Structure formats: C-alpha cells, structure tokens
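# A structural walkthrough
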Amino acid sequence: HELINSAFLNHNDIICIQEHCQYHNESFEMENINEYRLITSSATKNSQNASMGGVGFLLSPRAYKSLKTVQKINSRIILLHIKGNPTLTVICCYAPTNTSDDK
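Bear in mind the structure is a predicted one, so any value in this text is a computation, not a measurement. (Residues numbered from 1 in each chain as written. Predicted model: local features only at pLDDT ≥ 70, side-chain atom pairs only at ≥ 80, totals over all residues. Heavy atoms only, no water.)

## Looking at the sheet that holds strand E8 (residues 77–82)
To keep things clear, this is the line we draw: Whether two strands pair comes down to DSSP finding at least two bridges between them. Here a helix means four or more residues in a row that DSSP labels H or I, a strand means two or more in a row labelled E, and each is numbered from the N terminus. For helices, the fitted axis covers only the stretch in contact; all axes are lines through C-alpha atoms, and the angles between them, taken along N-to-C directions, range from 0 to 180 degrees.
The sheet built from 3 strands is open, its strands ordered E7-E8-E9 with antiparallel pairing. Every interior strand has two partners, whereas the edge strands, strand E7 (67–74) and strand E9 (88–93), have only one. On average, each strand axis in the sheet is inclined to that of its neighbour by 15°, with strand direction left out of account. Alignment of E7 against E8, held across 6 bridges, turns out to be antiparallel. Within the sheet, the bridge partner assigned to Leu 67 lies in E8 and is Ile 82.

See the structure below:
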C-alpha cells in the first residue's frame, strides 16, 4: 500500500516493478488494490525453491481505463500497451547483476 500512496501523492499513472518475487501459475496476474491495478508476471523458482525475479506494473485508475493489452515475454520482461494514436508501449524489464549465477 506504500507504493500506491506514493503513486497517488506523486501523480504517477504507471510504475514499473522489478524483482517482486511473487510466484503464481498464470502468465500474469491482475490484482485490484484501492482502485489501482497491480499486474505481475510470475517470478521463477531456483534450486532451493525460492522465488526469484518477476516484473510488473502498478496502474492508476486513469491508466487502467486506457489499457489495451498486457504481454508477458518472460519472467524478466513484460509489455503494457496503452490505447492511443499511436499505441503507447511501456516495457518493464530487469537483468541480474554480472556476478549472478542466473543466466
């Protein structure tokens, strides 16, 4: 809820989120939180069964009204397409550090 409060106070309509570590079976999940929408692609599990990675977006009600599609590329890349002329595409991605064993 802290992120939502910050988004509201700073008038942020779209916030990209990296390494949320939430694991779920669906390609992506959408959760309603105080009129905002949290869209996440699932994290992956490592050899110790711990969740790693995962990306997503937090959308304001105004941004959600213009949402066209969400496209998961993999656990590190998700795209958001917003209605407009032309369509606006927002890319949320992350890469592990160069010292990580994750490839």
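Picking up where we left off.
## Describing the sheet that holds strand E6 (residues 55–59)
Read from one edge of the open sheet, 4 strands run E1-E6-E3-E2, paired in antiparallel fashion. Each edge of the sheet is formed by a strand with only one pairing partner; in this case those strands are strand E1 (14–18) and strand E2 (28–33). Averaged over all neighbouring strand pairs, the angle between strand axes comes to 20°, with direction disregarded. Pairing between strand E3 (residues 36–41) and E6: 4 bridges, direction antiparallel. Within E6, the position partnered with Leu 38 by the bridge is Leu 58.

## Description of the environment of Cys 92
The cut-off we apply is this: Accessibility here uses a 1.4 Å probe with only protein chains present; expressed as a share of the type maximum, an area under 20% marks a residue as buried, one over 50% as exposed, and anything in between as partly exposed. Residue contacts follow a heavy-atom distance rule, with two residues in contact if any of their heavy atoms lie within 4.5 Å.
Among the structural elements, Cys 92 can be located in strand E9. Given the relative accessible area of 1%, Cys 92 is considered buried. Put simply, Cys 92 and Gln 18 are 74 residues apart on the chain and 7.5 Å apart in space, counted from C-alpha to C-alpha. Once residues lying within four places of it in the same chain are set aside, the contact partners of Cys 92 are Cys 16, Ile 17, Gln 18, Val 55, Gly 56, Phe 57, Arg 76, Ile 77 and Ile 78.

## Describing the pattern of salt bridges
Filter applied, for reference: In what follows, salt bridge is the name for a side-chain nitrogen of Lys or Arg lying within 4 Å of a carboxyl oxygen of Asp or Glu.
Inspection of every chain in the model, using the stated rule, returns 1 salt bridge. With a closest N to O distance of 2.4 Å, Asp 13 and Arg 62 form a salt bridge. With a gap of 49 residues between them, Asp 13 in the loop between helix H1 (2–9) and E1 and Arg 62 in helix H2 (residues 61–65) connect regions that are remote in the sequence. On the accessibility criterion, Asp 13 (23% relative accessible area) is partly exposed.

## A short note on the nonpolar core
Across soluble globular proteins, nonpolar side chains show a tendency to be buried alongside one another. Going by this rule: We call a set of buried Ala, Val, Leu, Ile, Met, Phe, Trp, Tyr and Cys residues a nonpolar core when their side-chain atoms join them within 4.5 Å.
In terms of nonpolar packing, the biggest core is built from 13 residues, with Ile 39, Phe 57, Leu 59, Leu 67, Val 70, Ile 78 and Leu 80 touching the most fellow members. Of all the secondary-structure elements, those providing two or more residues to this core are E6, E7, E8 and E9. Other than its neighbours up to four places away in sequence, Leu 80 contacts Ile 14, Ile 39, Phe 57, Leu 59, Leu 67, Thr 69, Val 70, Leu 88, Thr 89 and Val 90. Residues Ile 33, Tyr 36, Leu 38 and Leu 58 belong to the second largest nonpolar core, which totals 8 residues.

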